[in-house]
Amino acid sequence: MMQADQDHYEAAAPVRVQVVAADFNDVRQALREDARVFARRPGLSLLFGAIFALFGAVLIAGLTWFDQIWIVIAAGVGFLLFAPFLTAGLYEMSRRYPQGEVLPPPTSSWWC
């Protein structure tokens, strides 16, 4: 490693994170906010849910069709790796809701 790189790493200040305990009221508030987002854009929310369900059904049906049902557990783990990419759309929709923004129509930039 070069000396400049070592100096950069040594000069970095530690990041301090404050952990706050969550209780049932926090969960209730989050569910209320999610219900408001769902009420505002039910079609888009249901679309994301339908994509999840369809992907899971196609995965299981394909494994059953090819008589590879033994790999369902590994495929389920793969599904868990895929899911965060799809939920990014839900997170973005929820993030834009308080500002009154809506998601733009799908474009090729979503996939890049």
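As shown above, the structure is provided for reference.
Conventions adopted
Residues numbered from 1 in each chain as written. Predicted model: local features only at pLDDT ≥ 70, side-chain atom pairs only at ≥ 80, totals over all residues. Heavy atoms only, no water. Helix = DSSP H or I, 4+ residues; strand = E, 2+ residues; numbered from the N terminus. Buried < 20%, exposed > 50% of the residue type's maximum accessible area, 1.4 Å probe, protein only. Contact = heavy atoms within 4.5 Å. Areas by Shrake-Rupley, 256 points an atom, 1.4 Å probe, with all protein chains shown as cover. Expected span 1.5 Å × (residues − 1). Axes fitted to C-alpha atoms, helices over the stretch in contact; angles between N-to-C directions. Parallel < 35°, antiparallel > 145°, perpendicular 65-115°, else oblique. Left-handed = near helix turned anticlockwise from the far one by under 90°. Nonpolar A, V, L, I, M, F, W, Y, C, P; charged D, E, K, R; others polar. Core = buried A, V, L, I, M, F, W, Y, C linked by side-chain atoms within 4.5 Å. Polar contact = N/O pair within 3.5 Å; in protein donor to acceptor, adjacent residues only side chain to side chain.

### Topic: the overall build of the chain
Phase 1 of the analysis: If you tally the helices and strands in the chain, you get four helices and zero strands.
Phase 2 of the analysis: Along its sequence from the N terminus, the chain presents helices and strands in the succession α-α-α-α.
Phase 3 of the analysis: A buried classification covers 13% of the 112 residues belonging to the chain.
Phase 4 of the analysis: Here the contacts in the chain between residues at least 6 apart in sequence split such that 58% fall between residues at least 24 apart.
Phase 5 of the analysis: About 9,300 Å² of surface is accessible on the chain, with carbon and sulfur atoms providing 68% of the total.

### Topic: helix 3 (residues 42-65)
Structural remark: α-helix, 3.6 residues per turn; residues separated by three or four positions point the same way.
Phase 1 of the analysis: With 24 residues, helix 3 ought to run about 34 Å at 1.5 Å a step, and its terminal C-alpha atoms sit 33 Å apart, in line with that.
Phase 2 of the analysis: All of the buried residues along helix 3 are Leu44, Ser45, Phe48, Phe52 and Leu63.
Phase 3 of the analysis: Summarising the contacts, the buried residues of helix 3 are in contact with helix 2 (24-40) and helix 4 (72-96).
Phase 4 of the analysis: Just downstream of helix 3, aspartate 67 is the residue with a positive phi angle, here 55°.

### Here's the deal with the packing of helix 3 against helix 4
Phase 1 of the analysis: The contact between helix 3 and helix 4 brings their axes to 11 Å, and the two run at 165°. Between helix 3 and helix 4, the crossing angle belongs to the class labelled roughly antiparallel. Remark: the crossing between helix 3 and helix 4 carries right-handed chirality. Listed contacts from helix 4 to Leu44, Ser45, Phe48, Ile51, Phe52, Phe55, Gly56, Leu59, Ile60 and Leu63 of helix 3 are Val72, Ala75, Phe79, Phe82, Ala83, Leu86, Thr87, Gly89, Leu90 and Met93.
Phase 2 of the analysis: For the contact of helix 3 with helix 4, the class distribution of residues is 16 nonpolar, four polar and no charged.

### Topic: the nonpolar core
Phase 1 of the analysis: With eight residues, the main nonpolar core is built from Val37, Leu44, Phe48, Phe52, Phe79, Ala83, Leu86 and Met93.
Phase 2 of the analysis: The set of elements that each furnish at least two residues to this core consists of helix 3 and helix 4.
Phase 3 of the analysis: Top element by residues in this core is helix 4. It accounts for four residues.

### Some points on the environment of arginine 95
Phase 1 of the analysis: Within the secondary structure, arginine 95 is located in helix 4.
Phase 2 of the analysis: At 2.6 Å, the side chain of arginine 95 and the side chain of glutamate 92 are in polar contact.

### Overview of the side chain of serine 45
Phase 1 of the analysis: Looking at the secondary structure, you find serine 45 in helix 3.
Phase 2 of the analysis: Leave out the neighbours within four places in its chain, and serine 45 touches Phe38, Leu90 and Met93.

### Considerations on the packing of helix 2 against helix 3
Phase 1 of the analysis: Their axes nearest at 5 Å, the elements helix 2 and helix 3 cross at an angle of 105°. Classed by the angle they form, the pair helix 2 and helix 3 counts as roughly perpendicular. Where helix 2 abuts helix 3, its residues Phe38, Ala39 and Arg40 lie against Pro42, Ser45 and Leu46.
Phase 2 of the analysis: Residues belonging to the contact of helix 2 with helix 3 are distributed by class as follows: four nonpolar, one polar and one charged.

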